[in-house]
Amino acid sequence: MPSRSRRVPTSPRRVLVTGAASGLGLALVRTFVARGDHVLATDLHSERPDGLPSGAAYLPLDVRSDGAWADALAHVRETWGGLDLLVNNAGVAAGGRIDVATMQEWEWIVDINLLGVVRGCRTFTPLLKEQGNGHIVNTASLAGLVHAPGMAAYNTVKAGVVALSETLSHELAPHGIDVSVVCPSFFRTNLGASFQGADTEMEEAGKRMVSRSRRSADQVAQVVARGIDARRDVILTDREGHVAWRAKRFMRPAYTAVMKRAAAKRLGV
Ligand SMILES: NC(=O)c1ccc[n+]([C@@H]2O[C@H](COP(=O)([O-])OP(=O)(O)OC[C@H]3O[C@@H](n4cnc5c(N)ncnc54)[C@H](O)[C@@H]3O)[C@@H](O)[C@H]2O)c1
């Protein structure tokens with residue numbers, strides 16, 4: 001599935017990043033600013049968050065709000081007159097067995113992790129079509145490609161982001177617009193703090209996976225930036241991701257056996 005299309009070296013680019021106050025979003029903002037791009041960082045906070053590089057502008061944007069997306073589009077049109085790169089990165093985490101996690105948790109994560117990305121794509125596609133070029137980059141997860149037990153809601157919304165991105169990469173190609181999806185496995189960020197829900201056991205396991213990962217957000221951002229430059233459809237950021245994704249495609253029985261063993265171990269059945 002990972003593939004490479006044309007290489008388009010454009011800098012400085014006009015870039016909007018969601019979920020830019022922390023973790024991967026912040027690391028991407030730093031990377032883009034360092035290479036001279038014009039960057040609009042956005043996140044939930046009403047005031048400019050600490051830690052953003054001085055070269056980046058800041059705008060509050062809750063990805064659940066249609067009105068906030070409309071404001072962001074108006075800001076981009078007024079300030080830059082266009083946009084080269086939209087990074088739909090904001091996200092939260094949820095872990096929960098199907099009979100433990102509540103419908104409220106499902107609705108919460110669908111609204112942010114899936115519909116937040118849909119809103120971003122819907123808001124900016126008309127502008128990118130007018131331009132006849134642009135690049136949309138959506139942060140999904142390795143969980144969108146391979147589906148470990150005990151985290152159905154997270155896996156489902158991330159698989160939705162993968163499907164949305166692939167669909168749009170086909171649909172928008174005739175308009176000169178590229179679409180990429182980023183699929184990292186666990187790396188160290190503040191994502192663990194967003195866990196909330198009824199399945200506290202799964203939540204603890206998820207938090208441990210994030211906090212104990214060997215990879216930092218900066219390392220992942222470097223790989224993502226190279227994937228964006230190469231206009232890859234699917235940006236896998238680590239060895240685990242490549243191995244797991246290949247195993248699912250080419251060694252399905254072995255993949256299934258590993259997942260079922262993980263379920264028995266992790267869920268104590
Ligand atoms: N850290 C990991 O192990 C990992 C692995 C795979 C994918 N991801 C994905 O990477 C993306 C970034 O997460 P991170 O790990 O950097 O976590 P993080 O918690 O450090 O950063 C996420 C940011 O998103 C923001 N955010 C949350 N809800 C929002 C909303 N409604 N509107 C706007 N912003 C909102 C938060 O305020 C925060 O700044 C997420 O989509 C996450 O699912 C993370």
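From a predicted model like this one, the values you see are computed outputs, not experimental measurements. (Residues numbered from 1 in each chain as written. Predicted model: local features only at pLDDT ≥ 70, side-chain atom pairs only at ≥ 80, totals over all residues. Heavy atoms only, no water.)

Peer 1: Report on the site of the ligand, specifying residues and quantitative values.
Peer 2: Taken together, 29 residues are adjacent to the ligand, and S22, L24, D43, Y154 and T189 come closest. S22 is positioned with one of its side-chain polar atoms (N or O) 2.5 Å from an oxygen atom of the ligand. The separation between a nitrogen atom of the ligand and a polar side-chain atom of D62 is 3.0 Å. Burial of the ligand by the surrounding chains reaches 95%, relative to a free accessible area of 830 Å². Where the shell around the ligand is concerned, the elements lending two or more residues are helix 1 (23-34) and helix 4 (152-171). (Near = heavy atom within 4 Å. Polar contact = N/O pair within 3.5 Å; in protein donor to acceptor, adjacent residues only side chain to side chain. Areas by Shrake-Rupley, 256 points an atom, 1.4 Å probe, with all protein chains shown as cover. Helix = DSSP H or I, 4+ residues; strand = E, 2+ residues; numbered from the N terminus.)

Peer 1: So, unusual backbone geometry: which residues are in play, and what are the values?
Peer 2: Of note in this structure, R231 is not a glycine but carries a positive phi near 55 degrees. When its relative accessible area of 10% is taken as the criterion, R231 is described as buried. (Buried < 20%, exposed > 50% of the residue type's maximum accessible area, 1.4 Å probe, protein only.)

Peer 1: Can you lay out the side chain of K158 for me, pointing to particular residues and giving the numbers?
Peer 2: Mapped onto the fold, K158 is located in helix 4. Despite its burial, K158 remains without a salt bridge, the nearest opposite charge being carried by D43 at 13 Å. Within the structure, the side chain of K158 is placed 3.4 Å from the backbone oxygen of A140, a separation counted as a polar contact. (Lys, Arg positive; Asp, Glu negative; His and termini not counted. Salt bridge = Lys/Arg side-chain N within 4 Å of Asp/Glu carboxyl O.)

Peer 1: Describe the pattern of salt bridges, listing the residues and the values that go with them.
Peer 2: Any two side chains of opposite charge can pair, so long as their charged atoms come close to each other. Counted according to the given criterion, the structure contains 16 salt bridges. Between D37 and R35 there is a salt bridge whose closest N-O contact spans 3.7 Å. In this structure R35 comes out as partly exposed when scored by relative accessible area, which is 31%. In this structure, the salt-bridge partner of R214 is E240, at a minimum N-O distance of 3.2 Å. Here the residue R214 occupies a position in the loop between helix 5 (200-211) and helix 6 (217-229), and E240 occupies one in helix 7 (residues 239-250), the gap between them amounting to 26 residues. With a relative accessible area of 66%, R214 lands in the exposed category. Taking relative accessible area as the criterion, E240 reaches 34% and is therefore assigned partly exposed. Linked by salt bridges that have partners in common, R13, R35, D37 and D229 make up one network.

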